[in-house]
Amino acid sequence: MNVAIIPAAGSGLRFGGEVPKQFLMIAGEPILLHTMRRFDRCPAIGGIVVALSEEAIESFGRVIDGAGLRLPVRLVIGGRERSDSIRHGLEAARAWAPEVVAVHDAVRPFVTVEQIAAVIERAREVGGAILALPATDTIKEVDSGMIVRTIDRRRIWRAQTPQAFRYDLLWRANEEARAAGLSSALTTDDALLVERLGAPVAIVEGSVHNLKITTPEDLLLAERLFERERG
Ligand code: CTP
Ligand code: MG
């Protein structure tokens, strides 16, 4: 089977506030639960692992118990960096002997069932696949406030999640990044770790709606998108 790994152990420094952004409520439910429901509805997924901070694990466990999800859920304690949270998630997923794991940010609640299925299917074929969006702006390389050159926009894509990989491939990529002591600035994305191994990773075209809630402005936009989906 295939397993979703949802890292949700971050503290949301850029967003600010008391409560980490993944637990803020939209339409009566925490953002993280909205995200989990997308995976719960996807027939390609057989189980969900969520990485949470130690403080959140008990209370969010109760939220999940009452949520009526179809799939089995395992909660694990996250780590200091996102890649540590992913590693803990991979360890917990191992009991299910997953073929493919789909890693997805807790704060991207608008991913669709079709997008999840398409990324998993491509990862089964290629080894790895991610949702990404073609760049629409012209992209400049800049040094000290001056343009160095213009980069061919047709070759620039913005990485989103889900990012799906054959289990063993992502495990090896994560281990090797750890052994190399890769800095946290470079471990914001799982594809990068797999690319370092020289393994191919395919692109599946995403959508602007699959937004990541990073700042309070993103939350306003997310609330409006939810209203539109419901209305
Ligand atoms: N994440 C995690 N463990 C960490 C860091 C991040 O599980 N040690 C998760 C976040 O909870 C989020 C996802 O990784 O679901 C994407 O990270 P990001 O949007 O950067 O969230 P935060 O790291 O919480 O925010 P910030 O970088 O602004 O502090
Ligand atoms: Mg972060």
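Residues numbered from 1 in each chain as written. Chains lettered and ligands numbered in written order. Predicted model: local features only at pLDDT ≥ 70, side-chain atom pairs only at ≥ 80, totals over all residues. Heavy atoms only, no water.

**Things to note about the sheet that holds strand S6 (residues 100-103)**
Sheets are built from strands that pair by backbone hydrogen bonding, the pairs being arranged parallel or antiparallel. Counted only if it meets this: Two strands are counted as paired when DSSP detects at least two bridges linking them. Starting at the N terminus, helices and strands are each numbered in turn, a helix being any DSSP run of H or I of at least four residues and a strand any DSSP run of E of at least two. Where helices are involved, their axes are fitted lines through C-alpha atoms of the stretch in contact, as for all axes, and angles between N-to-C directions lie from 0 to 180°.
Ordered in space as S5-S4-S1-S6-S10-S7-S11, the 7 strands form an open sheet in which the pairing is mixed. The two strands at the open ends of the sheet, each matched to only one other strand, are strand S5 (73-77) and strand S11 (202-205). Direction aside, the axes of adjacent strands within the sheet are offset by 25° on average. With 4 bridges connecting them, S6 and strand S10 (residues 157-166) associate as antiparallel partners.

**Concerning the side chain of glutamine 160**
As a reminder, the rule being used: Contacts described as polar in this section are N or O atom pairs within 3.5 Å, which, within protein, must combine one atom able to donate a hydrogen with one able to accept it, while residues neighboring in sequence count only if both atoms come from side chains.
Its place among the elements puts glutamine 160 in strand S10. Engagement of the side chain of glutamine 160 in a polar contact is seen with the backbone oxygen of serine 207, the distance being 3.1 Å.

**Considerations on the packing of aromatic side chains**
Here is the rule we go by: In this scheme Phe, Tyr and Trp rings, the latter by its six-membered ring, pair at centre separations within 6.5 Å, and the angle between planes marks the pair as stacked below 30 degrees, edge-to-face above 60, and tilted otherwise. Buried, partly exposed and exposed residues are distinguished by accessible area as a fraction of the type maximum, computed with a 1.4 Å probe on protein chains only: under 20%, between the cut-offs, and over 50%, respectively. Counted as over-ring charges are cases with an Arg CZ or a Lys NZ within 6 Å of the ring centre that also lie within 35 degrees of the ring normal.
With the rule as written, the count across this model stands at 2 aromatic pairs. Measuring from centroid to centroid gives 5.8 Å for phenylalanine 23 and phenylalanine 60, while their planes differ by 55°, and the two rings are tilted. In this pair, phenylalanine 23 sits in the loop between strand S1 (3-8) and strand S2 (25-26) while phenylalanine 60 sits in helix H2 (residues 57-65), placing the two residues 37 residues apart along the sequence. Phenylalanine 60 carries the same exposure label as phenylalanine 23, and that label is buried. Above the face of the tryptophan 96 ring, arginine 74 is positioned so that its terminal group lies 5.1 Å from the ring centre. A cation sits over an aromatic face here: arginine 94 above tryptophan 171, 4.5 Å from the ring centre.

**Concerning the site of ligand 1**
Just so we agree on the cut-off: A cutoff of 4 Å decides nearness: a residue is near a molecule or strand if any of its heavy atoms lies inside that distance of it. Values of accessible area rely on a 1.4 Å probe in the Shrake-Rupley scheme; residue burial ignores everything except the protein chains shown. Only Asp, Glu, Lys and Arg are considered charged, only Ala, Val, Leu, Ile, Met, Phe, Trp, Tyr, Cys and Pro nonpolar, and every remaining residue, Gly among them, polar.
Near ligand 1 you find 18 residues, and of these Pro7, Gly12, Leu13, Ser85 and Lys212 are the closest. Note that an oxygen atom of ligand 1 is positioned 3.2 Å from one of the backbone N or O atoms of serine 11. A distance of 3.4 Å is found between a nitrogen atom of ligand 1 and a backbone nitrogen or oxygen belonging to glutamate 81. The protein chains hide 87% of the 560 Å² of surface that ligand 1 would expose on its own. Among the secondary structure elements, those contributing two or more residues to the shell around ligand 1 are S1 and helix H3 (82-93). Grouping the constituent residues of the shell around ligand 1 by class yields 5 nonpolar, 6 polar and 7 charged.

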